[in-house]
Amino acid sequence: MSVPLLHRLCSAFVQRAWAFAERYGRVSAARPGPYRFARLGEGACFAFPPGAVFGERAIAIGAGTLVGAQVSISAGFFGPGQQPEPGLVVRIGARCCVGRGSHIVGHRSVTIGDDVFLGPYVYVTDQNHTYTDPDTPVGSQPPANSPVVIGDGCWLGTGAIVLPGTTLGRNVVVAGGAVVRGTFPDHCVVAGVPARVVRRYLPGEGWLRNPSTHARSVT
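Residues numbered from 1 in each chain as written. Predicted model: local features only at pLDDT ≥ 70, side-chain atom pairs only at ≥ 80, totals over all residues. Heavy atoms only, no water.

Caption draft 1: Fine view of the overall build of the chain. Looking only at helices and strands, the chain has one helix and 25 strands in total. Reported as C-alpha extents along the three principal axes, the dimensions of the chain are approximately 75 × 45 × 35 Å. Within the chain, contacts between residues at least 6 apart in sequence are counted, and of these 27% link residues at least 24 apart. Accessible area of the chain: about 11900 Å², with a carbon and sulfur share of 59%. The positive charge centre, built from 19 side chains, and the negative charge centre, built from 12, are 10 Å apart in the chain. (Helix = DSSP H or I, 4+ residues; strand = E, 2+ residues; numbered from the N terminus. Contact = heavy atoms within 4.5 Å. Areas by Shrake-Rupley, 256 points an atom, 1.4 Å probe, with all protein chains shown as cover. Lys, Arg positive; Asp, Glu negative; His and termini not counted. Charge placed at Lys NZ, Arg CZ, Asp CG, Glu CD.)

Below you can see the structure in the form of structure tokens.
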């Protein structure tokens, strides 16, 4: 057998094996594999290969939600001296899409509404390290937790980062690469580092650019 033919046969075998793994390696309510989620709704699916999943008993995922390949979700990934919060920690609603390579890290409470789309490599967390003690390495100082809420219908672009204490209203667009902290109203577009509102929809006025210059936009 010639070397080129052997290479073609090996390639065909690997591709077929990978397709088989992708099909039967998906995690769903019907085929949960080793995971025991608090809730995994009908039609929800984790694509293959999955990322790291920790604390699935404190994770609830709604019906029809697609979690892309290599997405990591953790609920209570604790270090020394940390204790888990009781009950659910990470809640993802129905009909959501979590893009490839994203990370959702919950320690206290991360709530994602229905019909939310996260692009690839989005990072959402409700915990940050503190740095108040200048004589102690930052990684050794106790973290601070603050809940995160992402409202129904939001769209988060590729590489967006949502930091602890953030609340996004309904149908908020987060630009790719934005670093988001704070509270943002319904029907707005946020962008930048740190993120700010660059457009907002106001009934009777439509979509306004730089809405901070409009008195009504900040109410």
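Caption draft 2: The arrangement of the side chain of Thr-65 in detail. Considering the arrangement of structural elements, one finds Thr-65 in the loop between strand E5 (59-61) and strand E6 (66-67). A residue is classified by how much of its surface remains accessible, and Thr-65, at 1% relative accessible area, is buried. Within polar-contact distance, the side chain of Thr-65 engages the backbone oxygen of Gly-93 at 2.6 Å. Among the polar contacts made by the side chain of Thr-65, one reaches the main-chain amide nitrogen of Cys-96 at a distance of 3.1 Å. Sequence-distant contacts of Thr-65, defined by excluding residues within four places in its chain, comprise Gly-43, Ala-44, Cys-45, Ile-92, Gly-93, Ala-94, Arg-95 and Cys-96. (Buried < 20%, exposed > 50% of the residue type's maximum accessible area, 1.4 Å probe, protein only. Polar contact = N/O pair within 3.5 Å; in protein donor to acceptor, adjacent residues only side chain to side chain.)

Caption draft 3: The arrangement of unusual backbone geometry in detail. Residues Phe-48 and Pro-49 are joined by a peptide bond in cis, for which omega reads 0 degrees. Summarising the element assignment, Pro-49 is placed in the loop between strand E3 (45-46) and strand E4 (53-54). Residues Val-193 and Pro-194 are joined by a peptide bond in cis, for which omega reads -5 degrees. Along the chain, Pro-194 turns up in the loop between strand E23 (188-191) and strand E24 (196-202).

Caption draft 4: The pattern of salt bridges, seen in detail. In the structure shown here, the tally under the stated rule is two salt bridges. Notably, a salt bridge pairs Asp-115 with Arg-95, separated by 2.8 Å at the nearest N-O pair. Of the two residues, Asp-115 is situated in the loop between strand E11 (110-112) and strand E12 (117-118) and Arg-95 in the loop between strand E8 (90-92) and strand E9 (97-98); the sequence distance between them amounts to 20 residues. Asp-186 is the partner of Arg-170 in a salt bridge, and the nearest nitrogen-oxygen pair spans 3.9 Å. Of this pair, Arg-170 sits in the loop between strand E19 (167-168) and strand E20 (173-174) while Asp-186 sits in the loop between strand E22 (183-184) and E23; the two residues are 16 residues apart in sequence, bridging distant segments of the chain. (Salt bridge = Lys/Arg side-chain N within 4 Å of Asp/Glu carboxyl O.)

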